[in-house]
Amino acid sequence: MFTGIIEEIGEITAISPSGDGWRLTVRAPKAAADAVHGESIAVSGVCLTVVASDADSFDADVMKQTLDVAALGDAAVGTRVNIEKAMPVGARLGGHIVQGHVDGVGTVLEVRPGAQWSVLRIGLPADLAPLVVDKGSISVDGTSLTVSAVSDPPSSGSGPHEQHWFEISLIPETLAATTLGTRAVGDRVNLETDILARHVERLLAFRNAPEGGSR
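Cut-off values and rules
Residues numbered from 1 in each chain as written. Predicted model: local features only at pLDDT ≥ 70, side-chain atom pairs only at ≥ 80, totals over all residues. Heavy atoms only, no water. Pairing = 2+ DSSP bridges. Helix = DSSP H or I, 4+ residues; strand = E, 2+ residues; numbered from the N terminus. Axes fitted to C-alpha atoms, helices over the stretch in contact; angles between N-to-C directions. Buried < 20%, exposed > 50% of the residue type's maximum accessible area, 1.4 Å probe, protein only. Contact = heavy atoms within 4.5 Å. Lys, Arg positive; Asp, Glu negative; His and termini not counted. Salt bridge = Lys/Arg side-chain N within 4 Å of Asp/Glu carboxyl O. Polar contact = N/O pair within 3.5 Å; in protein donor to acceptor, adjacent residues only side chain to side chain. Phe/Tyr/Trp six-rings, centres within 6.5 Å; stacked < 30°, edge-to-face > 60°. Lys NZ or Arg CZ within 6 Å of the ring centre and 35° of its normal.

Trainee: Explain the sheet that holds strand β3 (residues 40-43) residue by residue, including any values.
Mentor: What the six strands build is a closed barrel, ordered β1-β2-β5-β4-β3-β6; its pairing is antiparallel. Averaged over all pairs of adjacent strands, the angle between strand axes in this sheet comes to 45°, irrespective of strand direction. Both strand β2 (residues 21-27) and strand β5 (residues 57-62) contribute to a ladder of six bridges, which runs antiparallel. Looking across to β5, one finds that leucine 24 is bridged to alanine 60.

What follows is the structure, given as C-alpha cells:
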C-alpha cells in the first residue's frame, strides 16, 4: 500500500528480458539504501517486488501483463521514474490510498504553465472516465493528485469516440519532486483511480444486473 507521496526520482539503468517480461534495474539511492528482498516499491505508480539490491539501485521483475497495461512498457534505459516505498503501519497518510495497481494509461493532451502552477489535461479511456470526479483523488505516475476539472459525461448525441479527460493542477513542489514537471503533450502516464470508486462501480454492476444472468 502506498500514499502517492513521491520520495525521489529514480532512473532506469538497465532492462533485460525475463521470460516474457523484463527485469529492470532502477537507480534510486534513497529507496535502495535499506531495500530488502521481497519488499514492494512503486515505480511510477506500478507496484514492483525487489529481487536484488545494492547501495544505490534495486532490481525488479515486470510481467508482460503489466507492460501491456501500463506506460512502464514505454520505458528505456535513462527513463526517469517516480519512486515510493510502501507505507509503514502507523504512518501518516499524506496523499490517498494507492495500491500500485495501474488501471490504464492516459495521454497528456495539454500543458498550461503558469507563474505558480502548471495545469495538465490528460485524456483517459472511456471505461475509467466515470471513476474520476472533480475534487477527487487520482494517482498519475504514482503521484497522489487532486482532480481540478473533468470532461462532461457523454450526451445522447455524442459519438462513441468522444475524448474523455481530466485536469490536475501542479504546485512547484510537485513539478520539482516528480517526473510530472517534465511531461509534454503526447506523453503516456500511468493512471490509478480511487479504490472506493472502483468498488462502488463493481457493486452497482452486480445490483443492476438482471436476475439469472451469466456468472
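Trainee: Can you break down the environment of aspartate 187 residue by residue, with the values?
Mentor: Tracing the backbone through its elements, the reader meets aspartate 187 in the loop between α3 (172-177) and β12 (188-192). Of the residues examined, aspartate 187 reaches a relative accessible area of 23% and is grouped as partly exposed. As a C-alpha pair, aspartate 187 and glycine 106 span 81 residues in sequence and 8.4 Å in three-dimensional space. For aspartate 187, the contacting residues outside a window of four places in its chain are Gly106, Thr107, Val108 and Thr182.

Trainee: Could you give an account of the side chain of glutamate 84, naming the residues involved and the relevant values?
Mentor: Mapped onto the fold, glutamate 84 is located in strand β6 (residues 80-85). Nearest to the buried, unbridged glutamate 84 among oppositely charged side chains is lysine 85, at 11 Å. A distance of 2.8 Å separates a polar atom in the side chain of glutamate 84 from the backbone nitrogen of threonine 3. Aside from chain neighbours lying at most four places away, what touches glutamate 84 is Phe2, Thr3, Gly4, Ile5, Glu7, Ile41, Ala42 and Gly142.

Trainee: Give me the lowdown on the packing of aromatic side chains, citing residues and values where you can.
Mentor: All told, the structure shown has zero aromatic pairs when counted by the stated rule. In this structure, arginine 121 is placed above the aromatic ring of tryptophan 165, and the distance from its NZ or CZ to the ring centre is 3.6 Å.

Trainee: Give me the sheet that holds strand β11 (residues 164-170): which residues, what numbers.
Mentor: Sheet strands line up and pair through hydrogen bonds in the backbone, either parallel or antiparallel. Around the barrel, six strands lie side by side as β7-β8-β11-β10-β9-β12; this closed barrel has antiparallel pairing. Strand-to-strand twist of the sheet, defined as the mean angle between neighbouring strand axes without regard to direction, takes the value 45°. Direction of pairing for strand β9 (residues 137-140) relative to β12: antiparallel, over a ladder of two bridges. Looking at β12, one finds that valine 140 is bridged to leucine 191.

Trainee: Can you break down the pairing of strand β8 (residues 118-124) residue by residue, with the values?
Mentor: By the criterion of burial, β8 is predominantly enclosed, with six of the seven residues buried. In this sheet, β8 lies alongside strand β7 (residues 104-113) in antiparallel orientation, the contact comprising six bridges. Each residue of the ladder has a partner; that of threonine 107, found in β8, is glycine 123. A loop of four residues connects β7 with β8, the two strands running antiparallel in sequence.

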